[in-house]
Amino acid sequence: MTEQPMIPAAKPLIGEDERAAVDRVLRSGMVAQGPEVAAFEGEFGAQLVGGRACVAVNSGTSGLHLGLLACGIGAGDEVVVPSFTFAATANAVALTGATPVFADISPDTFNLDPESVRAALTDRTAAVMPVHLYGHPADMDALRAVTAEHGIQLFEDAAQAHGATYHGKPVGRFGSFAMFSLYPTKNMTSGEGGMVACADEEIARGVRLLRNQGMEKQYANEVIGLNNRMTDIHAAIGRVQLTKVGAWTEARQDNARWLDEHLGQVDGVVVPTVREGCTHVYHQYTVRIDGATGEQRDEVVTALREEHRVGCGVYYPTPNHELVSLARFAPAGELPETARAAAEVISLPVHPSLTPGDLERVATAVQAVVGAGA
Ligand SMILES: *Cc1c(COP(=O)(O)O)cnc(C)c1O
């Protein structure tokens, strides 16, 4: 077993087409934000979010930050977010001066629990921002019912969910804005980058101003802004990836189906749920080691990696409200499902370059390590 090569947990696919696209931009001599970015925004909007106005920025985190600012979020506001996510979600809220308020998750999808959101509302709540974690849509009907009832905004952290659908409609079309990350390990990449899909032209204009020092016309600054522009080099990579992401998603879904079949019967392993009416794009294929403590789960990860050479990850071992950086926003009560998920989850390889032999090795390794009661 130890002679086998490591199966990587994630593998960005950058090919000849991406290299040629970068070369084309470099040869043009115009590398900063320009026509490639504009084309990428139009193509991304048409392909993934039903023609919504899209604005490209230099990272997903910038996308969240600027989306929140463009929607008027700032000091004095509270935004309800999950604690079981990457810290960027709450970081972006806190950086606007607003307060992230952490709610618990539903155990089946790992996504924001609408009842917990309801319990977290105060008269300062300005918005709710679910994350479509691992590529499975959050419960948008229930969340929209909550935000509509209270007259507050709904945003989407769709960093991990390019192309996922909820009752036939793609994620990224529900919130006032939605952010997609284009980091290399995400379902598609531009090197680094983010895309903000906006509900209307006014929000899109706000994001465009904020990413460019508050300028539409040069040196006629209208608002205080940043430089969060995407370069044409990155946009050229993203445009090529956009032509491939559909096939990659299908490969992820095929891999997930195979893993479901081969791991669904393993004692102590809970495979991912796909809710009725949803499609899952498997940014991660995340199983639970049912009833494990964080320590027991970590032993499984070590055995998978070291004995079986199966790369895997834990997303995320520490709830946001327990991080040193965000602990001051910890809720008064417990978030029991967040705590349980943080202890139990392991994400197994599901990326499109896995071979049938790799999948066999993943299943055999999990059966050996967890089935053996590690
Ligand atoms: C990756 C990610 C982000 C941040 O995106 P970057 O492009 O890395 O800045 C935000 N939220 C979630 C849930 C993510 O997975």
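From a predicted model like this one, the values you see are computed outputs, not experimental measurements.

### Topic: empty space enclosed by the protein
Point 1. The final tally for this structure, using the stated rule, is 2 cavities of 30 Å³ or more.
Point 2. There is about 160 Å³ of room inside the largest cavity.
Point 3. As for the largest cavity, its lining consists of 19 residues, of which Lys 11, Pro 12, Thr 185, Lys 186 and Arg 252 are closest to the centre.
Point 4. Class assignment of the residues belonging to the lining of the largest cavity gives a composition of 9 nonpolar, 7 polar and 3 charged.
Point 5. Each pocket or cavity is described by its volume, and for the second largest cavity that value is around 70 Å³.

### Things to note about the packing of helix α1 (residues 16-28) against helix α8 (residues 232-242)
Point 1. Between α1 and α8, whose axes approach to 8 Å, the crossing angle comes to 150°. By the angle between their directions, the pair α1 and α8 is classed as roughly antiparallel. Pair α1 / α8 crosses with right-handed handedness. Residue-level inspection shows Asp 17, Glu 18, Ala 21, Val 22, Arg 24, Val 25 and Leu 26 of α1 in contact with α8, the latter providing Asp 232, Ile 233, Ala 236, Ile 237, Arg 239, Val 240 and Gln 241.
Point 2. Of the residues in the contact of α1 with α8, the class split is 8 nonpolar, 1 polar and 5 charged.

### Quick word on the UniProt feature "active site" (unreviewed entry) in the protein
Point 1. Feature annotation in UniProt assigns "active site" (unreviewed entry) to the following positions: Lys 186.
Point 2. Note that Lys 186 resides in the loop between β9 (177-181) and β10 (194-198).
Point 3. Among the polar contacts listed, one links the side chain of Lys 186 to the side chain of Ser 181, at a separation of 3.5 Å.

### Let's talk about the pattern of salt bridges
Point 1. A full pass over the atoms with the stated rule returns 22 salt bridges.
Point 2. Across the pair Glu 16 and Arg 19 runs a salt bridge whose closest N-O atoms are separated by 3.1 Å. Linking Glu 16 with Arg 19, this pair stays in helix α1, spanning 3 residues, or about one helical turn.
Point 3. By relative accessible area, which is 54% here, Glu 16 ends up exposed.
Point 4. Arg 24 is the salt-bridge partner of Glu 36, the closest N and O atoms lying 2.8 Å from each other. Here the residue Glu 36 occupies a position in helix α2 (residues 35-48), and Arg 24 occupies one in helix α1, the gap between them amounting to 12 residues.
Point 5. Take Arg 24: its relative accessible area is 43%, and that puts it in the partly exposed class.
Point 6. Salt bridges linked by common partners bring Arg 24, Glu 36, Glu 43 and Arg 239 together as one network.

### With respect to the nonpolar core
Point 1. Core analysis: the largest hydrophobic core is formed by 39 residues, its most contacted members being Phe 84, Phe 110, Leu 263, Tyr 285, Leu 304, Ile 346 and Leu 348.
Point 2. Within the residue set of this core, elements represented by two or more residues are α9 (245-263), β12 (285-289), α10 (294-306), α11 (336-344), β13 (345-348) and α12 (356-371).
Point 3. Here this core gets 7 residues from one element, more than from any other, and that element is α12.
Point 4. Two domains each provide a minimum of three residues to this core, namely domain 1 (16-103 + 110-242) and domain 2 (246-371).

### Notes on the sheet that holds β9
Point 1. Spatially, 4 strands are ordered β1-β10-β9-β6 in an open sheet, and the strand pairing comes out mixed. What marks the edges here is a single partner per strand, and that holds for β1 (53-57) and β6 (156-157).
Point 2. Taken together, the 5 bridges between β1 and β10 define a ladder with antiparallel strand orientation. Note that in β10 the partner of Ala 53 across the bridge is Cys 198.
Point 3. Those strands touched by helix α7 (residues 201-211) are β1, β9 and β10, and its axis lies near 15° from that of β1.

### Topic: the sheet that holds strand β4 (residues 125-128)
Point 1. Here 4 strands make up an open sheet; going across it, the order is β3-β2-β4-β5 and the pairing parallel. Pairing within the sheet leaves two strands with one partner each, and these edge strands are β3 (99-103) and β5 (153-154).
Point 2. Of the strand pairs in this sheet, β4 and β5 are connected by 2 bridges, and their pairing is parallel. The residue bridging Val 128 from the neighbouring strand is Leu 154, located in β5.
Point 3. Against the sheet, helix α4 (residues 88-95) touches β2 (78-82) and β3, its axis set at about 145° to β3.

### Some remarks on the layout of surface pockets
Point 1. Approximately 440 Å³ is the volume found for the largest pocket.
Point 2. Lining the largest pocket are 26 residues, and of these Phe 86, Tyr 183, Thr 185, Lys 186 and Tyr 316 sit closest to its centre.
Point 3. Counting residues per element, the ones that place at least two in the lining of the largest pocket are α3 (60-70), α4 and β9.
Point 4. Take the lining of the largest pocket: its biggest share by element is 3 residues, from α3.
Point 5. Grouping the amino acids of the lining of the largest pocket by side-chain chemistry returns 12 nonpolar, 11 polar and 3 charged.
Point 6. Inspection of the lining of the largest pocket shows a minimum of three residues originating in each of domain 1 (16-103 + 110-242) and domain 2 (246-371).

### A word on the site of the ligand
Point 1. The environment of the ligand is made up of 17 residues, and the closest members are Thr 61, Asp 157, Gln 160, Ser 181 and Lys 186.
Point 2. One of the backbone N or O atoms of Gly 60 is found 2.8 Å from an oxygen atom in the ligand.
Point 3. Asp 157 has a polar side-chain atom sitting 2.8 Å from a nitrogen atom of the ligand.
Point 4. For the ligand, the accessible surface in isolation is 380 Å², of which the surrounding protein chains cover 93%.
Point 5. Here the residues of the shell around the ligand are counted per class, giving 7 nonpolar, 8 polar and 2 charged.

Cut-offs used in this document
Residues numbered from 1 in each chain as written. Predicted model: local features only at pLDDT ≥ 70, side-chain atom pairs only at ≥ 80, totals over all residues. Heavy atoms only, no water. 1 Å grid on protein atoms, 1.4 Å probe; cavity = no way out; pocket = protein on both sides within 12 Å on 5 of 7 lines; lining within 4 Å. Points joined across faces, edges and corners; volume = space filled by probe spheres on them. Nonpolar A, V, L, I, M, F, W, Y, C, P; charged D, E, K, R; others polar. Axes fitted to C-alpha atoms, helices over the stretch in contact; angles between N-to-C directions. Helix = DSSP H or I, 4+ residues; strand = E, 2+ residues; numbered from the N terminus. Parallel < 35°, antiparallel > 145°, perpendicular 65-115°, else oblique. Left-handed = near helix turned anticlockwise from the far one by under 90°. Contact = heavy atoms within 4.5 Å. UniProt positions renumbered as here; feature names shortened; annotations may be inferred. Polar contact = N/O pair within 3.5 Å; in protein donor to acceptor, adjacent residues only side chain to side chain. Salt bridge = Lys/Arg side-chain N within 4 Å of Asp/Glu carboxyl O. Buried < 20%, exposed > 50% of the residue type's maximum accessible area, 1.4 Å probe, protein only. Core = buried A, V, L, I, M, F, W, Y, C linked by side-chain atoms within 4.5 Å. Domains from an automatic or database assignment. Pairing = 2+ DSSP bridges. Near = heavy atom within 4 Å. Areas by Shrake-Rupley, 256 points an atom, 1.4 Å probe, with all protein chains shown as cover.

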